[in-house]
Amino acid sequence: MTRRPGDAVVLRTPPEEELLALKGRRIPLVDLLACFNTRFRNDQAILHIERILKDTGLSTVPYFATCGSRTEVLVVARESTVSESADADGDQEDEAGLLPGALPQHPLRIGDLPCAHAGLASVTPAEDLTDATYIMHTHNYSQVPVLEGQYTVVGVVTWRSLAKVHATGGEAALANAIVEDPPVVHAHDDFFSVLPAICEHGYVLVRANSGQISGIVTAADITQRFDATAWPFFVVGEIEFRLRKCLGAKLGGDAIRAVQRNDQKTGNIADLMFGQYVMLLDGDQRNKQGHRKEALCTAADQNWTTLGWTGVNRVQFVRQLDRVRDIRNHIAHFDPEPLSPQRSEELRQFVGLLRQLT
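Residues numbered from 1 in each chain as written. Predicted model: local features only at pLDDT ≥ 70, side-chain atom pairs only at ≥ 80, totals over all residues. Heavy atoms only, no water.

### Details of the sheet that holds strand β5 (residues 152-158)
Strand pairing in a sheet is mediated by backbone hydrogen bonds. Such pairs are either parallel or antiparallel. Stated precisely, the cut-off is as follows: Pairing between strands is defined by DSSP: at least two bridges between them are needed. Secondary structure elements are taken from DSSP: a helix is a run of H or I of four residues or more, a strand is a run of E of two residues or more, and numbering for both begins at the N terminus. The contact definition used throughout considers only heavy atoms, calling two residues in contact when any of these lie within 4.5 Å. Angles shown run from 0 to 180 degrees and are taken between the N-to-C directions of axes, each axis being a line fitted to C-alpha atoms and, for helices, limited to the stretch in contact.
In spatial order, the strands read β4-β5-β6; together these three strands make up an open sheet with antiparallel pairing. Looking at the sheet topology across the chains shown, the edges are occupied by β4 (143-148) and β6 (178-179). Each of β5 and β6 is contacted by helix α6 (residues 159-167), which is oriented at about 70 degrees to β5, the strand it contacts most.

### Overview of the sheet that holds strand β8 (residues 203-207)
The mixed open sheet is built from three strands, whose spatial order is β7-β8-β9. Looking at which strands have only one partner, the edges of the open sheet turn out to be β7 (184-186) and β9 (213-218). For this sheet, the mean angle separating the axes of adjacent strands, direction not counted, is 35 degrees. Where β7 lies against β8, three bridges are found, and the strand directions are parallel. By the bridge assignment, V185 is partnered in β8 with V206.

### Thoughts on the packing of aromatic side chains
The following threshold applies: Only the six-membered ring of Trp is used, alongside the rings of Phe and Tyr, when aromatic pairs are assigned; centres must lie within 6.5 Å, and planes under 30 degrees apart are stacked while those over 60 apart are edge-to-face, with the rest tilted. Accessible area is worked out with a 1.4 Å probe on protein chains only. A residue is then buried under 20% of its type maximum, exposed over 50%, and partly exposed in between.
Summed over the entire model, instances satisfying the criterion amount to seven aromatic pairs. Ring centres of F274 and Y277 lie 5.4 Å apart, and the angle between their planes is 85 degrees; on these two criteria the pair is classed as edge-to-face. One end of the pair, F274, and the other, Y277, are both in helix α11 (residues 274-281), three residues apart, so they sit about a helical turn from each other. The burial state of F274 is the same as that of Y277; both residues are buried. An aromatic cluster is built from W304, W309, F317 and F350, whose rings are joined through pairwise contacts.

### Some thoughts on the pairing of β8
Selection criterion: Convention used here: a crossover is right-handed provided that the path from the first strand, over the helix, to the second strand proceeds clockwise when the strands point away from the viewer.
Extensive coverage of β8 is indicated by the burial of five of its five residues. The alternating pattern of β8 places Y203, L205 and R207 on one face and V204 and V206 on the opposite face, and all of these are buried. Each parallel crossover has a hand, and the one from β7 via helix α8 (residues 191-201) to β8 is right-handed. Looking at chain direction, β8 and β9 are connected through five bridges and run antiparallel. For L205, the partnering residue across the bridge sits in β9 and is I216. Between β8 and β9, which follow one another and run antiparallel, lie five residues, and G211 among them has a positive phi close to 100 degrees.

Okay, here's the thing in structure tokens:
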């Protein structure tokens, strides 16, 4: 008997020494899953594997739950080497692992879109055509999938396929309106590789790692997503450009080297990470223990005086600059959730201020 992806399995908990023996090794994803007695990444398996790896102090690169099924994963220690080096060098922030000017640090997957795993309204082959058209009318859909259970795609009913049935004088039955072999992609598929299919068909069905059909992505979803994400990318880029322009024009190499790490003291404004812009100007910097960093605070006081922005409230400027740093990290990691209206407004206000200053 063949087990289907959704069937219950008894997940295994490997001994700690077995998992630790994998540390530093690159292994096929299927081999990692086999350690836990599974071939599929459903919710139950992902939660189980994640908990066991975390308890053992391990993780994988790329993340085992979202990478491709044929990927080789590197088993690594859970703590990041970036944060370790930051703690060892002046207690500076690691900027969430971002290099100056860097934005996305991992590929965008089609499963990163919320609609790809939001569920979908569908009909079964046994239902009536009016059931499909009712869903399309009430939900304002251009298509509705025809599914057998949660895994098998029979086809899709579209307004175009309905029109064809009526135009050819066929019987108004569901079977006659089904478009067979609709585009189905996997949640871990590269986003940009899927775009041609969406442009051609107007949609794709998304199959989750568990094998279930988890959602549908339409051309309208793509438009909405890029409206919500492309604008913040460009605005954050402009903010970084204007910060480099106004700070670099007034502050010398010594001031810049004072906030750089020991192995990165170039004195070049373009080499700063975003958190280091905050360090240049923040007059109340403290370490993790809450102790004031006197040398950096004194240098920041001098930097602010050098800028000569007498009409700008320094405390508010630094607070807003730090908020932009947080927003930048949010969008640089391609967080599936779009920016809230409040965060978007903060970007608008800050870029507007920088435009006046530069």
